[in-house]
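# Summary of the model geometry
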Amino acid sequence: MSTNIKATNIELTDAIKDYVNNNLLGLDRFITDPKEDLIIQVEVGKTTRHHKSGDYFRAEFNVDISGKKFYVSAKKDNLYGAIDEAKEALFRKIDYSKNRERTLLRRGAKSIKKMIRGLSHRNPETSK
């Protein structure tokens, strides 16, 4: 897993790096091929330099898993809250994609099974 962290309008401290890396440890469970490298690009920072209140911290995650790209962003009044919100949105998005793929695969398999059953239950005398 390789993580690239970029800070905009703030200083990137070791505490921020550790917090981001600890929050993204659970992404390993979404990797299907153990040889595959997980690429994560993270950008954290302030949206402007002059605001004193409101949602002006943001966190953006750009992840490439098995050739699929996932992007999420979040804005909050505190940096760690923005990172948490973006992480939760990323996990939801990846999990939804994984479940959707599995559901489509199962639906396709069921329809093929029904088609095969229909062919095998046909009476040979009526098909003449």
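Keep in mind that this is a model prediction, so the values were computed, not measured.

Right, let's get into a nonpolar patch on the surface. On the surface, a cluster of nonpolar side chains totalling about 410 Å² of accessible area is made up of Ile112, Met115, Ile116 and Leu119. Its location among the elements puts Ile116 in helix 2 (residues 79-120).

This part takes up the confidence of the model for the protein. Summing up the model confidence of the protein, the mean pLDDT is 83 and the portion of residues at 70 or higher is 86%. By mean pLDDT, helix 2 is the weakest element of the protein at 84, and helix 1 (residues 14-23) is the strongest at 93.

It is worth spelling out the pattern of salt bridges at this point. Counted according to the given criterion, the structure contains four salt bridges. Its salt-bridge partner being Arg58, residue Glu60 comes within 3.5 Å of it at the nearest N-O pair. Like Arg58, Glu60 is buried. Residue Lys69 pairs with Asp64 through a salt bridge whose shortest N-O separation is 3.7 Å. Classification of Asp64 as partly exposed rests on a relative accessible area of 23%. One salt-bridge network, held together by shared partners, links Glu43, Arg58 and Glu60.

A few words on the packing of aromatic side chains. Enumeration over the complete set of coordinates arrives at two aromatic pairs. Look at Tyr19 and Tyr80: their rings are 4.7 Å apart centre to centre, the planes differ by 75 degrees, and that puts the pair in the edge-to-face class. Of this pair, Tyr19 sits in helix 1 while Tyr80 sits in helix 2, and the two are 61 residues apart along the sequence. Overall, the relative accessible area of 25% leaves Tyr19 in the partly exposed class. Using a relative accessible area of 34% as the deciding quantity, one classes Tyr80 as partly exposed. Considering the side-chain rings of Tyr56 and Phe57, the 4.9 Å spacing of their centres and the 25 degrees angle between planes classify their relative orientation as stacked. Grouping residues by exposure puts Tyr56 and Phe57 together as buried.

Conventions we followed
- Residues numbered from 1 in each chain as written.
- Predicted model: local features only at pLDDT ≥ 70, side-chain atom pairs only at ≥ 80, totals over all residues.
- Heavy atoms only, no water.
- Patch = residues over 30% accessible without salt bridge, like charges linked within 9 Å, V, L, I, M, F, W, Y side chains within 5 Å.
- Areas by Shrake-Rupley, 256 points an atom, 1.4 Å probe, with all protein chains shown as cover.
- Salt bridge = Lys/Arg side-chain N within 4 Å of Asp/Glu carboxyl O.
- Helix = DSSP H or I, 4+ residues; strand = E, 2+ residues; numbered from the N terminus.
- pLDDT = per-residue confidence, 0-100.
- Buried < 20%, exposed > 50% of the residue type's maximum accessible area, 1.4 Å probe, protein only.
- Phe/Tyr/Trp six-rings, centres within 6.5 Å; stacked < 30°, edge-to-face > 60°.

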